[in-house]
Amino acid sequence: MPLAKDVALKVPAVRRLKEDRDALQAEVRQLRSEAEDLRRQLRIERDDKEYSYVFIVTYGRTGSTLLQGLLNSIPGYLIRGENDGALEWMHESYRRMEKRIGTKQGSQPVNPWFGLDNYSPDEAAASVRRHLQQVFIKPEPDTRVTGFKEIRWWRRDLVETLEFTRQVFPGARFVLNTRNPEDVVRSKWWAKYDRDEALAKVADYDGRLERAHRELGDLTYPLHYDDYVADPGVFEGLFQWLGESFDREQVDRVMATRHSVG
């Protein structure tokens, strides 16, 4: 019976190994859960951190990527690229809910709008900010000024959209960028339109940018691609508006780097 005896001796050992394995697996799950809680808390702390915000507002093929590179050359700046107008879509949802507040009562479970009473525009704006920062902007440890450049601001009234942007990102300011229309529409990006239609769209966009500058004043800073390409010293006014030191050598290095313009 030595074989049976050996098996009998091994069973408790195998059982102990399984118990140890299960205990280790439980410990790993607990550690992973704690790590995720810590990551979540760090994200919350990062997203609740106070930043300054700058956004580039323009249309396709105006040199906006060059501006993006210029702003990112300033220490502490993190200006991300386009996100296909995500903020405008969120603005549409926010605008619809604002219309419903006070017109629909949802305090009782039998009501089709049950829960609407709890909707807070301020909380909604803060949620949009956290979402965009978590998904698109992702500030880095040394970030102090952040935002993004976007060429798709045209689904709604531009001034209304920029005012909503300031609700989401308190203190936000806007660099408004234009370019010679004839050069803009020669780009392949505009090839889906015939020339006259493309020029009309550019004229419409320029008009909206001019109105935004009139109505929002010092919250905006207008720039024209042809001006700063001819003389990068034009950027000195932008840096003063931003409250940053103007480093002409650094600006020249950025201007000498190829960016996505055409």
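Calculation rules
- Residues numbered from 1 in each chain as written.
- Predicted model: local features only at pLDDT ≥ 70, side-chain atom pairs only at ≥ 80, totals over all residues.
- Heavy atoms only, no water.
- Helix = DSSP H or I, 4+ residues; strand = E, 2+ residues; numbered from the N terminus.
- Contact = heavy atoms within 4.5 Å.
- Polar contact = N/O pair within 3.5 Å; in protein donor to acceptor, adjacent residues only side chain to side chain.
- Axes fitted to C-alpha atoms, helices over the stretch in contact; angles between N-to-C directions.
- Parallel < 35°, antiparallel > 145°, perpendicular 65-115°, else oblique.
- Nonpolar A, V, L, I, M, F, W, Y, C, P; charged D, E, K, R; others polar.
- Pairing = 2+ DSSP bridges.

The protein chain has the name Sulfotransferase in an unreviewed UniProt entry, where Aeromicrobium duanguangcaii is given as its organism.

Trainee: Whenever I open this one, the environment of Lys49 confuses me. Can you help?
Mentor: With respect to the helices and strands, the residue Lys49 is situated in the loop between helix 1 (2-48) and strand 1 (52-57). It is 9.3 Å that separates the C-alpha atoms of Lys49 and Arg144, two residues lying 95 residues apart in sequence. If we ignore the near neighbours within four places in the chain, the residues touching Lys49 are Pro141 and Thr143. In terms of polar contacts, Lys49 uses its side chain to reach the backbone carbonyl oxygen of Thr143, at 3.3 Å.

Trainee: Mind showing me how you'd approach the packing of helix 3 (residues 86-100) against helix 5 (residues 158-168) here?
Mentor: The description of two helices packed together rests on the angle between their axes and the distance between the axes. The geometry of helix 3 relative to helix 5 is characterised by a closest axis approach of 10 Å and an angle of 85° between their N-to-C directions. Looking at the two axes, helix 3 sits roughly perpendicular to helix 5. Side by side, helix 3 and helix 5 meet where Leu87, Glu88, Met90, His91, Tyr94 and Arg95 of the first sit next to Glu160, Thr161, Phe164, Thr165, Gln167 and Val168 of the second. The residue makeup of the contact of helix 3 with helix 5, split by class, is five nonpolar, four polar and three charged.

Trainee: How should the sheet that holds strand 5 (residues 220-224) be read in this particular structure?
Mentor: The strands making up a sheet are joined through hydrogen bonds of the backbone, oriented either antiparallel or parallel. The five strands lie next to each other as 2-3-1-4-5, forming an open sheet whose pairing is parallel. Strands with a single pairing partner mark the edges of an open sheet, and in this sheet they are strand 2 (77-80) and strand 5. Pairwise comparison of adjacent strand axes, ignoring direction, gives a mean angle of 20° for this sheet. Of the pairings in the sheet, the one linking strand 4 (residues 173-178) to strand 5 comprises five bridges and is parallel in character.

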